[in-house]
Each structure stands twice: as structure tokens, then as C-alpha cells.
Amino acid sequence: MTDSKYFTTTKKGEIFELKAELNSDKKEKKKEAVKKVIASMTVGKDVSALFPDVVNCMQTDNLELKKLVYLYLMNYAKSQPDMAIMAVNTFVKDCEDPNPLIRALAVRTMGCIRVDKITEYLCEPLRKCLKDEDPYVRKTAAVCVAKLHDINAQLVEDQGFLDTLKDLISDSNPMVVANAVAALSEIAESHPSSNLLDLNPQSINKLLTALNECTEWGQIFILDCLANYMPKDDREAQSICERVTPRLSHANSAVVLSAVKVLMKFMEMLSKDLDYYGTLLKKLAPPLVTLLSAEPELQYVALRNINLIVQKRPEILKHEMKVFFVKYNDPIYVKLEKLDIMIRLASQANIAQVLAELKEYATEVDVDFVRKAVRAIGRCAIKVEGHDLVLVLSCYLGRGFSCFPTVMRKQSAERCVSTLLDLIQTKVNYVVQEAIVVIKDIFRKYPNKYESVIATLCENLDSLDEPEARAAMIWIVGEYAERIDNADELLESFLEGFHDESTQVQLQLLTAIVKLFLKKPTETQELVQQVLSLATQDSDNPDLRDRGYIYWRLLSTDPVAAKEVVLAEKPLISEETDLIEPTLLDELICYIGTLASVYHKPPSAFVEGGRGVVHKSLPPRTASSESAESPETAPTGAPPGEQPDVIPAQGDLLGDLLNLDLGPPVSGPPLATSSVQMGAVDLLGGGLDSLIGGTNFVAPPTAAVPANLGAPIGSGLSDLFDLTSGVGTLSGSYVAPKAVWLPAMKAKGLEISGTFTRQVGSISMDLQLTNKALQVMTDFAIQFNRNSFGLAPAAPLQVHAPLSPNQTVEISLPLSTVGSVMKMEPLNNLQVAVKNNIDVFYFSTLYPLHILFVEDGKMDRQMFLATWKDIPNENEAQFQIRDCPLNAEAASSKLQSSNIFTVAKRNVEGQDMLYQSLKLTNGIWVLAELRIQPGNPSCTLSLKCRAPEVSQHVYQAYETILKN
């Protein structure tokens, strides 16, 4: 009979019976009783009252019974620590048992009992087991060191267990090596400053030797350890890759992904001209393909990792498009991930194959998936330049699948477009709406090529009920208003229900009517007055109202400026706006096979606290690997040597400001103004995403401009990113004067003053120690409590001579930022303990945050835009800096000396705008917009950061630097 019988009992009062059975003289009866106790414990019953009786059963030679008792002990030792001490002698005795299984069992159990009183007795048995003759005992003891370190780190260091653990890396048994690596890695993650895994070519060679012989989980530990190693040159990187490559054929998917992580990292150091580089690319593809034959959950994890790999090195899987084709029984989450990878792999060479597959997805019953397929065709059309893609989209939308064989012939364009138009007239609602959204993007990518379909699109205005589709159709009408005879009637029909529309549609309608007015001013003056009135006077939406005021001011003040702004020529859109930012991608590649690679977020984004979060990066590229990308990786939509401009998302004010480059307004005839009275003009309102449009312009009739409508728009944005002026030379970070941190009356005559400095990347605490006592002071030492940014002394406090009465000594204490981390209140609070021969004294001080601003904090412009857009708006904070009469050049120079870097600057309506970035020592980026009005002693600072709690302290740093 199986042990399941122990889980079926429902007797009451069984504790008393079990107590009697546990004290029985019969071994079998005693073992049965312990099994019943474990069964009760497993189902959640409280059997802690039996603790002394179960502990008495430890004195046995029966291995099964001993395991059961140890299991009970692990569960209840924490709640009965005093009783658990009774078992210590047995543990110590078992650690010297002739049977290695019992020795290992004893040391494993002692490691799992998280009771401080027991850990003191664990040291000697653990030391013996670490040097045991049996490898099974040694490998168990290695893991026990990591468990003990988690309970009492200082004890492990004092007892020298870490050095013993390092010695085990050279052990003859591969499993002992793997467990030693696992234990050291675990300890190193919780204490990044310890540098336990000090890897060198000799130790790496030992790990690679053990790699072939240990179990699959041991291989994962070793591979993860190898991924943290930095080879000294490309030859060593190649040697490691050659010895890791066989792991790609392992049956365990975790081993495969760990091996891929090592190879992806070390490939950065290999020259692309090497034959081995090409061979390695070919070897990486089959194991990744094999992962897709597993169950759906594993497929999804594999696909998320492949998505990262394809973004980094698309050439690896460029010939494996077919494995990403969707199967009818794939779960939706697998389908969507495959679809995304298909688009990333699409190129001129395989586009016919991809489009044939996307066409098939039109027969799917899942409406959401069909929508995604339509979007995918649009993304392919934008990514792979050529007329044929749009024609395929037309055929797909028209359900005209019979025309597909002729699609690849450009002369069939008219026929395919006709098919598209026929389908749109059938009013298949969701297909029509997705098609219009896609066609809008195609117009943005290929202007003046497919406008022949506009007439038919306009007939479908009434059938559109989704905001995105309505907004797309309105954009098309406004963009090509000069080619649509009844454009004013079409747009006017939307005004009837203007306040019932979504904000997206309202904004697009306002912009479209202004475009129409600039193209047909004599016919649409009443229409533009109506929409401006609705937007400014009848709307409570601040975005809509501010945009309405901006347009009204532009149209009333300077029509030529209005034309240049509203009808400005747009850069082409790019298909790669959804790519992961390169720095983040490099970090995620270092986390392949972990949760970070599934979330596509760094661990710091979802791991609470500082434990285990280490920022990683790929090795620096060799000179040859920095050469021009291969044709497969170059953007197919851009001419050679050019990159397509990327348009930020709609509504991103900063993105528009940093992407537009408009010249100053030229003289021209003023525009007839409306008789509708304006409200208060808000020139700094948001929503400049409407500054797009064509270049066709019909000059409006001449009329006088009312004087009360303000001055013309100021200088344009042509000075964008002109950083050659006003950026000062590096003169060192601002240093605050010393302040008294510890008065003599509180420290038995010792007075401590100090300040913090940052010079050439090094942080120091500059101390002044004064002896105001009547006795000599010696034996100085200093220690910091855990703090928000891991500040810790990088060296002992050196007071070289005794400090005599009334003597003062100046000391510069170097600091590091790799200490233990704990969030303080306030964030920049530092608690310090200073010891001397008299006593130990405690004080706390606030350090200025700018000492943590690192020298590589200047962000790339495109990365600045993407990061600003990615940080939620609720994370933005705004501050006023008063009594700061600096101009933009002086402010930029002063801030740069403290590692606050200006990414871009410009002048808007007489206001100087500085867009700046800085990075803290823990990797947190802070983005800033500093607005300075010449002649005004106050300036406005806007900060955006993923950790909004630092914003207040960054503002204080700005204020301190600018005012001193």
C-alpha cells in the first residue's frame, strides 16, 4: 500500500495517539508515527506540540526515518528555537557518520534551519564537510555556505568559508565545481562589492572542463558564471565560444538559452571577417528553431528571447522565416509573438513568402488576430520599400486572393488597387477600419504615390466608428484637401458631433480644418472660425484648447509662419519605432534565459530592493565589429548611408520640439482674421504633434492684422542642437563649504566638520577633525550605515598621528557606491559612526545628490526622445528656481561642470530652453527641461525620471549649483 493512506485520516484527538506511538519501542511503529506527523504537517495541521517526541526519534540508523525527522525539524525549528538546540548534538554526530548520505543530509538540514543559535554550532561540521573525501558531501556543503551566508554573512567571512568555497572551484568533481560556482554567484549577487568570483583564464579553463561532465543544472550555473566573465582579447573569446558551442545541442532548453547568452555576449568581441564568426552564426540558428517545437509555454519564453536576438543580430535567423509561421492551434500569445518576429525578419529576399503567409491569416476567425495581420502588412510595407507591398495589402483587403500570383508584377498595380477599392465598398467594418489606419501610414511613408484611392476612402467616412480609424481618415482628408473637391463638406460633417468625439479625433479634426483653411482660405473661413471657437471656448480639454489658441494666434499674426508650421514637410516615418533602445537591448542580451528577457525589462524594473540587481552590459566591440552593418541588418527603407528619421508618438510635445527644424518666418501678406473674440492666449500649451503637413500653399488674401493679437512668432528652431556655443569647459563639480556635523559637546571633545566632493569620477568625504578635549585621541575608524545609494568608505580612515588637544587635522576619505543599499528618509540621508580610543560617536548628514552624477551622463538625442516618451507623464515634476540671473550659456556651462549635460538647446518665443540629461551612480537616468527667460531672475525646471522620488533632490542640486 502506498503512503497516500497517511493523508486520508480525519480522526480527532490523534495528537495524543501520535505522541504515544512516537515513544514506542518498536521501530516500525515509530516510523509509521513519524510518517503520520509529516502527512499532517503537509496538509497544514499544527503538530508542533510533538517537537520533543519527534526529535527523540533522530537517534536511529534508519536513513528513511532520519530524513523524515530532519524534514520536520526544518519546518518547526524556527517556531521552537529552544527545542531545536536539542538536535544539535545529533547533527554534529551525523556529520561524522561513515555513511556519506547521512553526512550530507545532516549538513543540508543544518543549513536549512534558519535559527541563529544553531548556526554557531554549524561552523565546525560545515568546515569538515567542505573538505570531506566524498564529493556528494562537498557539493552539499558548498550550497550550505550560501544558505549560512544569507543568515549570518559576517560569520561566514570570519570563519573563512568563502576562501574554502573559492578553492572548491578547482575541485576534481564537476558537480562540486558547479555547486561552488552557484553558491559564490548567489553570495556575489547579494553583495556586489565582494568580488568573490574573481575569474581569470586559469579558473575559466577549470569551469569549461567541468562543464562537459556535470548535470544540466550545474551546466546552467557554470554558463551563467561564464557570461559574467570579460575575456582579455578576441582569441580568448573565440576559445570560450568553441568550448561552449556543444551545449547548444543539449536537451534542456535552459542550458541552450544560457549557452546562447554566453555566445551572444562574446560575439561582440569577434571580428565579422573571421570564418569562425560566420560558422557561429550558422550554429546558433538550429537550437533556437528546436526550442519552438516544445509546448506553448516554453515556445513563448523562447520567442521572447528570440525577439531580442533578432533585434541584435537578425542575420542569425534570416533563413528561418518558415518556423515563425503561425499554426492554427497556436495560442494567441504565441501567434502574436511569431507575427512580431516575422516582421522583424522581413526583407527583400523573403517578402513574397511573408506576404503570402499574412494573406492566409485573413481567413482566421479571431478578429483581433486578423487586425494584427492587417497591421503587419502595413508594417512590412513601410519596412521593405516597394510598390508591391501596398498592392498585396489591397488584394488582401479585397479578399481578391485569386490575384495573388500576379501581385509581384508591378504592371498589375491598377488591378490590385481596384480590388482594394471594391472591398472597401463592401463595408466589412473591422477590415475597412484597419485598412484605413494602415493606408494612412503608407501615405506617410510613400507620399504622392497611392493617392488615387482617396476618393473611395472618403465615401466611407460614415461607416467608421473607431476613434483611430476616424482620426486616420480625417488626417488623410486634411493632408490631401487640395485634391478633394468636397473636403470642407466632409470635415464639416464631423463638427456636428464635435463634443461627442474622442480627444484623438477632436485634435485631428482641428488640425485638418486648419490645413484645409491654409490651402483653401476663401472657401473655409467660416469653417475654421467654427472649429477654433469649439476648441477654445466650448472645450474643457486643455490639450485641445491650447492647440486651438496656438493655431488662432498663428493664423491671426503671421500667415507665412502658420504655413511653415502647419504645412511643414514631414520626415518619412520609420518602421523601427518599436525597437528596444540599444543600451537596454544590450543589457537584456546579458539576461537571456531569465525573467528579464521575457518581460523585456531590466531586473531593476521589477525586482524590489537592491538585492540581486546588477546592471550588465556587453563587452566593447572590436574595431572590425564596428564596421558597417551587413545588408541584412541595414534598414531596408532607407537609402545607403542614410537612416530614416523617426517621428515620435502623437502628443509628445518634447519629441516634436526636438525634431522640428523651422526657419524664421519670412515676410508675406498677412491673413484675413476672424471676427470671433479670442480668450486668453496660452502660447505654451501642449500638443505640437499637429505641426505636420504638405508644402502646397495657396496665398490668402491680404488684410490688416489687428494690433491686439500680439507680436509675430519669434525666431524659428534652426538653432536646434547647436551646442557649439555656451558649453563651458569642465572645471570640477561644485563643492559646498564645510559644515559642523558633530559638535564637540556631543562627542566628548571631538568636533567633526566636513563636506562632499566629486573630482574626475571620484567621490570624497573631506573631513576636519578637531580635538577639543584634554586628552590625546587615537585609533580612529569610520563606518556608514546602509543608505539609498550604497555610499561606503573605499579605504580606512587614516589619521597618521595621534590627535593632540586643540589640534586639527584635514582628511580626505575616498568613497565608493558599492555598499549595502537601503532606502533612507530623506533619500540623501547618511548615518555615520566614528570610533576612537575614547568612545564610538554617531551622527547623520545630508549629502548633495550632485556628487552622484556620473561623467557618462550625456544621453544620445534619439535616446533622449525615446526615454522621455517612455517615462509616464505622472513621473514629471516641475520646480521654480528663483533668484538665478544666469543666461542659458552660463547655466549650461555651470551645470556641465557638475555632470549635468545639455543634449539640445533652442529659443522659443524669447525663452531659452535647455534639454539636459544626467545619470546617477546606480544607473538611474534623469531628464530635464530648463526654461530661462532673459531678464527674469527665475527659471522653470521640469524633471522626468523612472524613480520620481529622486526629482526633489535633483532640483535641490540644480538650485545649489546655479546659485553658487
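Residues numbered from 1 in each chain as written. Predicted model: local features only at pLDDT ≥ 70, side-chain atom pairs only at ≥ 80, totals over all residues. Heavy atoms only, no water.

**Points about the overall build of the protein chain**
For clarity, the cut-off: Each helix is a run of DSSP H or I of at least 4 residues and each strand a run of E of at least 2, with the numbering of both proceeding from the N terminus. Every residue pair with non-hydrogen atoms within 4.5 Å of one another is taken to be in contact. Here, Shrake-Rupley sampling with a 1.4 Å probe gives the accessible areas, and only protein chains in the shown set may cover a residue.
Assigned secondary structure in the protein chain consists of 37 helices and 13 strands. Counting only contacts in the protein chain whose residues sit at least 6 apart along the sequence, the fraction spanning at least 24 positions is 69%. In the structure as shown, the protein chain presents an accessible area of about 42800 Å², 51% of it carried by carbon and sulfur atoms.

**Focus: unusual backbone geometry**
Operational definition: Accessible area is worked out with a 1.4 Å probe on protein chains only. A residue is then buried under 20% of its type maximum, exposed over 50%, and partly exposed in between.
The peptide bond linking Glu825 to Pro826 adopts the cis configuration, its omega dihedral lying at -5 degrees. Relative to the helices and strands, Pro826 resides in the loop between β6 (808–816) and β7 (829–835). Within the chain, Lys748 stands out as a residue other than glycine whose phi angle is a positive 50 degrees. Here Lys748 is to be found in the loop between β1 (739–742) and β2 (750–759). Assessed through its relative accessible area of 47%, Lys748 is described here as partly exposed.

**Focus: helix α14 (residues 216–227)**
Worth spelling out the cut-off: Multiplying 1.5 Å by the residue count of a helix minus one yields the expected span of that helix.
End to end, α14 covers 16 Å across twelve residues, agreeing with the expected 16 Å (1.5 Å per residue, within 8%). Residues of α14 that are buried: Gly218, Gln219, Ile220, Ile222, Leu223, Cys225, Leu226 and Ala227. Of the surrounding elements, those touching the buried residues of α14 are α12 (174–190), α13 (201–211), α15 (234–244) and α16 (253–266).

**Section: the side chain of Lys261**
Defined as follows: Any N or O atom pair separated by 3.5 Å or less is treated as a polar contact, with the protein-specific requirement of one donor-capable and one acceptor-capable atom, and with residues adjacent in sequence counted only for side-chain atom pairs.
When you line up the elements, Lys261 lands in helix α16. A distance of 3.5 Å separates the side chain of Lys261 from the backbone oxygen of Ile592, its partner in a polar contact. Excluding its chain neighbours within four sequence positions, the residues that come into contact with Lys261 are Asp224, Ala227, Ile589, Cys590, Tyr591 and Ile592.

**Quick look at the sheet that holds strand β9 (residues 876–881)**
Rule in force here: Two strands make a pair as long as DSSP finds a minimum of two bridges between them. Fitted lines through C-alpha atoms give the axes, limited to the stretch in contact for helices. The angle between two N-to-C directions lies from 0 to 180 degrees.
Read from one edge to the other, the open sheet built from five strands follows the order β9-β13-β12-β11-β10, with strand pairing classed as antiparallel. Since the sheet does not close on itself, it has two edges, and those belong to β9 and β10 (901–908), each with one partner. Direction aside, neighbouring strands of the sheet carry axes that sit 20 degrees apart on average. Direction of pairing for strand β12 (residues 925–932) relative to strand β13 (residues 939–945): antiparallel, over a ladder of seven bridges. Bridge pairing in β13 links Glu929 to Ser942. Relative to the sheet, helix α35 (residues 861–870) contacts β9, β10, β11 (911–919), β12 and β13, its axis offset from that of β12 by approximately 95 degrees.

**Observations concerning the pattern of salt bridges**
Operational definition: Salt bridge, as applied in this entry: a Lys or Arg side-chain nitrogen positioned within 4 Å of an Asp or Glu carboxyl oxygen.
Going through the model one piece at a time under the given rule, you end up with 27 salt bridges. Residue Arg344 pairs with Asp340 through a salt bridge whose shortest N-O separation is 3.2 Å. With a gap of four residues between them, Arg344 and Asp340 both fall in helix α19 (residues 332–345), about one helical turn apart. A single burial state applies to Arg344 and to Asp340, both of which are buried.

**Some words on the pairing of β10**
Regular strands place side chains that alternate from one sheet face to the opposite one. Among the eight residues that make up β10, seven are buried, leaving the element largely enclosed by the rest of the structure. Two strands pair when backbone bridges link them, and β10 and β11 are joined in this way by seven bridges, in the antiparallel orientation. The residue bridging Arg906 from the neighbouring strand is Met913, located in β11. Following β10, the chain reverses through two residues before pairing antiparallel with β11; Glu909 in that reversal takes a positive phi of roughly 50 degrees.

**A short note on the environment of Lys823**
Structurally, the position occupied by Lys823 is in the loop between β6 and β7. Residues within four places of Lys823 in sequence aside, it is in contact with Ser788 and Glu949.

**Re the environment of Tyr72**
Position of Tyr72 among the secondary structure elements: in helix α4 (residues 63–76). Separated by 38 residues in sequence, Tyr72 and Val34 place their C-alpha atoms 8.9 Å apart. Sequence-distant contacts of Tyr72, defined by excluding residues within four places in its chain, comprise Val37, Ile38, Met41, Val47, Ser48, Leu50, Phe51 and Val54.

**Considerations on the side chain of Asn252**
With respect to the element layout, Asn252 can be found in the loop between α15 and α16. For Asn252, the side chain forms a polar contact with the side chain of Glu216, separated by 3.4 Å. Setting aside its immediate chain neighbours within four residues, Asn252 contacts Glu216 and Trp217.

**Some details on the sheet that holds strand β4 (residues 781–784)**
Strand order across the open sheet formed by three strands is β4-β7-β8, with antiparallel pairing between neighbours. The two strands at the open ends of the sheet, each matched to only one other strand, are β4 and β8 (840–846). The sheet shows a mean angle of 25 degrees between the axes of neighbouring strands, taken without regard to direction. Here seven bridges tie β7 to β8, and the two strands are oriented antiparallel to one another. Bridge pairing links Val832 to Phe843 in β8.

**A word on the confidence of the model for the protein chain**
What counts here: In predicted models, pLDDT denotes the confidence assigned by the predictor to each residue on a 0 to 100 scale.
Across the protein chain, the average pLDDT comes to 77, with 80% of residues at or above 70. With pLDDT under 50 throughout, residues 386–420 is counted as low confidence; its partners more than four residues away or in other chains account for 71 contacts. Taken together, the stretch residues 623–731 has pLDDT below 50 and engages in 229 contacts with residues farther than four places along the chain or on a different chain.

**Remarks on the packing of α16 against helix α18 (residues 296–312)**
Inclusion rule: Roughly parallel refers to an angle under 35 degrees, roughly antiparallel to one over 145, roughly perpendicular to one between 65 and 115, and oblique to any angle outside these ranges. Amino acid classes used here: Ala, Val, Leu, Ile, Met, Phe, Trp, Tyr, Cys and Pro are nonpolar; Asp, Glu, Lys and Arg are charged; the rest, including Gly, are polar.
Between α16 and α18, the least distance of the axes is 12 Å, while the angle of their chain directions is 10 degrees. With respect to α18, the axis of α16 lies roughly parallel. Here α16 contributes Ser253, Leu257, Val260 and Met264 to the contact with α18, which in turn contributes Leu298, Asn305, Ile309 and Lys312. Counted by class, the contact of α16 with α18 contains five nonpolar, two polar and one charged residues.

**Quick look at a negative patch on the surface**
Formally: Residues enter patches when they are more than 30% accessible in relative terms and free of salt bridges; like-charged ones are connected within 9 Å and nonpolar ones (Val, Leu, Ile, Met, Phe, Trp, Tyr) within 5 Å. Positive charges are assigned to Lys and Arg, negative charges to Asp and Glu, while His and the chain termini are left out of the count. Every charge is mapped onto a representative atom, which is NZ of Lys, CZ of Arg, CG of Asp or CD of Glu.
A contiguous patch of negative charge, built from Glu489, Glu492, Glu496 and Glu526, is present on the exposed surface. When you line up the elements, Glu526 lands in helix α29 (residues 525–536).

**Notes on the environment of Ala435**
Relative to the assigned elements, Ala435 resides in helix α24 (residues 429–445). Put simply, Ala435 and Arg371 are 64 residues apart on the chain and 8.9 Å apart in space, counted from C-alpha to C-alpha.

**Let's talk about the nonpolar core**
Among soluble globular proteins, nonpolar side chains are generally buried collectively. Filter applied, for reference: Within this scheme, the nonpolar core is defined by two criteria: the residues are buried Ala, Val, Leu, Ile, Met, Phe, Trp, Tyr or Cys, and they are joined through side-chain atoms within 4.5 Å.
By size, the foremost hydrophobic cluster in this structure holds 143 residues, and its most contacted members are Tyr72, Leu126, Val244 and Leu358. Aside from chain neighbours lying at most four places away, what touches Val244 is Leu208, Leu211, Leu223, Leu226, Ala259, Val262 and Leu263. Formed by 60 residues, the second largest nonpolar core is a distinct cluster that contains Leu742, Leu769, Ile851 and Ala888.

**Looking at the packing of aromatic side chains**
To keep it simple, the criterion reads: Under the pairing criterion, centres of Phe, Tyr and Trp rings, with the six-membered ring standing for Trp, must be within 6.5 Å; the plane angle then separates stacked pairs below 30 degrees from edge-to-face pairs above 60, leaving the rest tilted.
Summed over the entire model, instances satisfying the criterion amount to eight aromatic pairs. Note on Tyr300 and Tyr333: the rings are 5.5 Å apart at their centroids and 90 degrees apart in plane angle, and the pair reads as edge-to-face. Highlighted residues: Tyr300 in helix α18 and Tyr333 in helix α19, separated in sequence by 33 residues. Using a relative accessible area of 25% as the deciding quantity, one classes Tyr300 as partly exposed. The class of Tyr333 is partly exposed, set by a relative accessible area of 33%. Centroid distance Tyr361 to Phe369: 5.3 Å. Interplanar angle 45 degrees. Geometry classified as tilted.

**With respect to the packing of α19 against helix α21 (residues 367–383)**
Closest axis-to-axis distance for the α19/α21 pair is 10 Å, and the angle between their directions is 10 degrees. Between α19 and α21, the interaxial angle falls into the category roughly parallel. Contact residues: α19 offers Ile332, Lys335, Leu336, Leu339, Asp340, Ile343, Arg344 and Leu345, while α21 offers Phe369, Lys372, Ala373, Ala376, Arg379, Cys380 and Lys383. A class-by-class count of the residues in the contact of α19 with α21 yields nine nonpolar, no polar and six charged.

**Section: the pairing of β2**
Of all ten residues that make up β2, nine are buried, and the element is covered over most of its length. Summarising the sheet, β1 and β2 pair through three bridges and their orientation is antiparallel. Paired with Ala739 across the bridge in β2 is Gly754. Where β2 lies against strand β3 (residues 762–771), ten bridges are found, and the strand directions are antiparallel. Residue pairing across strands places Ser753 opposite Gln768, the latter belonging to β3. In textbook terms, the turn of a hairpin is the stretch between consecutive antiparallel strands, and for β2 and β3 this stretch comprises two residues, one of which, Val760, has a positive phi near 50 degrees.

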